[in-house]
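# Residue-level structural notes
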Number of protein chains: 2
Amino acid sequence: MEVIKTIEELQNIRKNITKSVGFVPTMGALHNGHISLIKKAKEENEIVIVSIFVNPTQFLPNEDLSKYPRKDEADIKICQMCKVDYLFMPEVSTMHTNEEVLIKAPQNSYVLEGFTRPGHFDGVLQVVLKLFNLTQPTNAYFGKKDAQQLVLIQQMVKNLFLPINIIPCDIVREVDGLALSSRNVYLDKTQRENALLISKSLYMAGSLIASGERNIKAVKDKIYKIMNSLDIEYVTIVDKNFNEINIIEPSNTIILVVVRFGNVRLLDNIWL
Amino acid sequence: MEVIKTIEELQNIRKNITKSVGFVPTMGALHNGHISLIKKAKEENEIVIVSIFVNPTQFLPNEDLSKYPRKDEADIKICQMCKVDYLFMPEVSTMHTNEEVLIKAPQNSYVLEGFTRPGHFDGVLQVVLKLFNLTQPTNAYFGKKDAQQLVLIQQMVKNLFLPINIIPCDIVREVDGLALSSRNVYLDKTQRENALLISKSLYMAGSLIASGERNIKAVKDKIYKIMNSLDIEYVTIVDKNFNEINIIEPSNTIILVVVRFGNVRLLDNIWL
């Protein structure tokens, strides 16, 4: 595995690859969720590029940029074990210059996560577009956990005619159901236990819908009831373009939940 | 030559090209200026793609979109004569969809042309990025006549790490000095004659600098004096990044002039 730090190196390497390229962009602190993306990329492509870059432009001023978990050495080992071909780990000054041509995410980037974190998705799309232009992947892999991010990236690829397949990948969970997240390390023991109510509520909502329920309010009520003891930020049911819906369509519905534990926001969702 | 109308056709064709690709984006109404770009592209690349698309998002509401000259049949013939390989002529609905991921040009897009035409360069960069993603050129050709556009496209390519060489091409002029422009057809006979003062003033400014003048005001005064009888919108002297300068540096200076004839704005410039 080759670790790449500069734009020039990456561009030179990419220029000479004629095989299929799978790309997995990450912010590091790799866990089994990331590993599942990398494994899928390995199965489906001849060359795999992983990037690790904690992108400052997608953090709001009051957010956890400075204490976001960094585990470079462990991450490099994980990528080696997964037989990644190229690991791109640029510095902030490598990825961002001063007077920038910016990407403006569409209106649906200012609801839900984008409502709580205005401008977050502008930063995400900006850096993902840059990484796409550098790596020119055949296929790029994103977890469904960051559902809104995934949908916005799919929309960017469509709007800007990027010749890239976006591959959505299922959420990976602990044995007890907690969705994997680099931010789970912030939870104390009690919070970690209480957080199980999140996935439980989503499973119960799923069963309810499987047994025929189509009413949004009934499903939301069920979720709120199970998570009654938690600090719920939102429970929302949308279609796969992130538009509000009036009735549940089982093949085109995402149920999204955000719960706060102190300053930590945990996201979870199911795609029906 | 193959004329292409849809995204799918173009993407399929591009996917199978492994040779070098030269790309010349235009708004049609092709004149010798465009032809010089196409010829240069032919010399320097194995495959040449030309696009003709009058992009509505770069016109302001009060501008000449509806009466912008359209000469599709003549344009197709010119491209055939120039041995263009692929001519991409999409409809507006092919290039633009509703809920868009947008490109925001940097601050220096709101001076000069961008001051008179706020938002113009956002539209230009948006459509050029889309065309770049579709055609994935090795080299892309732009005239120096639209100097600010050229500089902003160079900046976009740099900021977004696009693996494309931008090739600036010299302004092509009529024998009497008038810079070629699709908008020259709007001029009546008297206006056409008076318009010669524009290039004349730039030539004289060039000679003045060649003879040692480095003072901005002295050069501007000379230009204003020669174009005294015209409706001058601006005369500006900037460096090659479009920053204001205090003294003329012969290797890094552009003199820009915009003159109005009724509703018609004529741009001209020299790169020292």
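For every chain, the first residue of its written sequence is number 1, and the numbers climb from 1 along that sequence. Going through the entries in the order they are written, you letter the chains from A and number the ligands from 1. Only residues with pLDDT of at least 70 are given local features in this predicted model, and only at 80 or more are side-chain atom pairs given and counted; all residues enter the totals for whole chains, interfaces and linings. Here the side-chain values reflect all heavy atoms present in the structure, with hydrogen atoms and water set aside.

Looking up chain A in an unreviewed UniProt entry gives the name Pantothenate synthetase, with the organism given as Aliarcobacter vitoriensis. UniProt positions are given in the numbering used here, feature names are shortened, and annotations may be inferred rather than shown by experiment. Note on chain A: under the UniProt heading Catalytic activity (unreviewed entry), the record states "(R)-pantoate + beta-alanine + ATP = (R)-pantothenate + AMP + diphosphate + H(+)". According to the UniProt record, the Subunit (unreviewed entry) comment for chain A is "Homodimer."

## Thoughts on helix α1 (residues 7-15) of chain B
In an α-helix, one turn spans 3.6 residues, which is why side chains three or four residues apart end up on the same side. All names here are of chain B. For each residue, the accessible area found with a 1.4 Å probe, counting protein chains only, is set against the maximum for its type, and the residue is called buried under 20%, exposed over 50%, and partly exposed in between. Think of it this way: any DSSP run of H or I at least four residues long counts as a helix, any run of E at least two long counts as a strand, and we number them from the N terminus. The set of residues buried in α1 consists of Ile 7, Leu 10, Ile 13 and Arg 14. Buried positions in α1, seen along its axis, are confined to an arc of 140° and lie on one side of it. In α1, the exposed residues that point more than 90 degrees away from the buried face are Glu 8 and Lys 15. A contact between two residues is defined here by any heavy atoms of the two lying within 4.5 Å. Buried residues in α1 make contact with β1 (2-4), β2 (21-26), β4 (86-88), α4 (92-95) and α6 (120-135). Each direction from the helix axis to a C-beta atom contributes to the arc, which is the arc of those directions.

## Observations regarding the domain arrangement of chain A
Residues and elements named next belong to chain A. Domain start and stop points were drawn from an automatic or database domain assignment. Domains assigned within chain A are domain 1 (2-169) and domain 2 (182-271). The distance between the C-alpha centroids of domain 1 and domain 2 comes to 26 Å. Counting from both sides, the interface comprises 22 residues of domain 1 and, opposite them, 17 residues of domain 2. In total, domain 1 and domain 2 occlude about 1700 Å² of area from one another, counting both sides; carbon and sulfur atoms represent 55% of this. When a carboxyl oxygen of Asp or Glu is within 4 Å of a side-chain nitrogen of Lys or Arg, the pair counts as a salt bridge. Taken together, the connections running from domain 1 to domain 2 amount to 2 salt bridges. Across the pair Arg 183 and Asp 64 runs a salt bridge whose closest N-O atoms are separated by 3.0 Å. We define a polar contact as two N or O atoms separated by no more than 3.5 Å, with the added condition that, inside protein, one atom must be a possible hydrogen donor and the other a possible acceptor, whereas residues neighbouring each other in sequence contribute only through side-chain atom pairs. Viewed at the interface, domain 2 and domain 1 are joined by 10 residue pairs in polar contact (both at pLDDT 80 or more). Elements represented by at least two residues in the side of domain 1 that touches domain 2 include exactly α5 (113-116) and α7 (147-159). It is α7 that provides the largest number of residues to the side of domain 1 that touches domain 2, a total of 4 residues. A quick way to say it: buried area is the sum, across both parts, of accessible area lost when two parts are put together, with a 1.4 Å probe.

## Some thoughts on the relation of the copies chain A and chain B
Placing chain A over chain B gives an RMSD of 0.0 Å and needs a rotation angle of 180°, together with 0.0 Å of translation along the axis. What the rotation and shift describe, once combined, is the action of a two-fold rotation axis. When C-alpha positions in chain A are compared against the rotation axis, the closest is assigned to A:Ile103, at 2.4 Å. Take the interface residues of chain A: 100% of them recur as interface residues in chain B, which is what a same-surface contact looks like. Copy-to-copy superposition: least squares on the C-alpha atoms, limited to residues that have pLDDT of at least 70 in both copies.

## A short note on the UniProt feature "binding site: (R)-pantoate" (unreviewed entry) in chain A
All names here are of chain A. Annotation from UniProt places "binding site: (R)-pantoate" (unreviewed entry) at Gln 58 and Gln 149. A stretch of 92 residues holds the annotated residues, and the largest C-alpha distance among them is 11.3 Å, short enough that they meet in one place. Examined against the element boundaries, Gln 58 turns out to sit in the loop between β3 (47-52) and α3 (72-81). Each residue touching Gln 58, except ones within four places of it in the same chain, is listed here: Met 27, Glu 63, Arg 117, His 120, Gly 123, Val 124 and Val 127. A polar contact of 3.0 Å, which involves the side chain of Gln 58, links it to the side chain of Asn 55. Note on placement: Gln 149 falls in helix α7.

## Quick notes on the environment of B:Glu193
Residue and element names in this part refer to chain B. Within the element layout of this structure, Glu 193 appears in helix α8 (residues 189-194). Taking the relative accessible area as the measure of exposure, Glu 193 reaches 48% and is therefore partly exposed. Separated by 17 residues in sequence, Glu 193 and Asp 176 place their C-alpha atoms 9.7 Å apart.

## Here's the deal with the packing of aromatic side chains
Residue and element names in this part refer to chain A. Aromatic rings from Phe, Tyr and Trp, with only the six-membered ring used for Trp, were paired whenever their centres fell within 6.5 Å, and each pair was classed as stacked if the ring planes differed by under 30 degrees, edge-to-face if by over 60, and tilted otherwise. Within the structure shown, the criterion is met by 6 aromatic pairs over all chains. Residues Phe 23 and Phe 132 carry aromatic rings whose centres are separated by 6.3 Å and whose planes lie at 75° to one another, so their mutual orientation is edge-to-face. Within this pair, whereas Phe 23 is found in strand β2 (residues 21-26), its partner Phe 132 is found in helix α6 (residues 120-135), the two being separated by 109 residues in sequence. Classification of Phe 23 by relative accessible area gives buried; the value is 0%. On the accessibility criterion, Phe 132 (1% relative accessible area) is buried. Ring centres of Phe 59 and Tyr 68 lie 5.8 Å apart, and the angle between their planes is 80°; on these two criteria the pair is classed as edge-to-face. Assessed through its relative accessible area of 7%, Tyr 68 is described here as buried. In textbook terms, an aromatic cluster arises when at least three aromatic residues are bridged by ring pairs, as seen for Phe 23, Phe 132 and Phe 142. Here, a charge over a ring is recorded when the distance from Lys NZ or Arg CZ to the ring centre is within 6 Å and its angle to the ring normal is within 35 degrees. The ring of Tyr 186 has Lys 67 lying over it, and the distance from NZ or CZ to the ring centre is 4.5 Å.

## Regarding unusual backbone geometry
The phi angle at A:Phe242 is positive, at roughly 70°, despite the residue not being glycine. Mapping A:Phe242 onto the fold places it in the loop between β8 (231-238) and β9 (254-261). According to the relative accessible area criterion, A:Phe242 is buried, its value standing at 6%. One non-glycine residue with positive phi stands out, namely B:Gln136, at about 40°. Within the fold, B:Gln136 resides in the loop between α6 and β6 (139-143).

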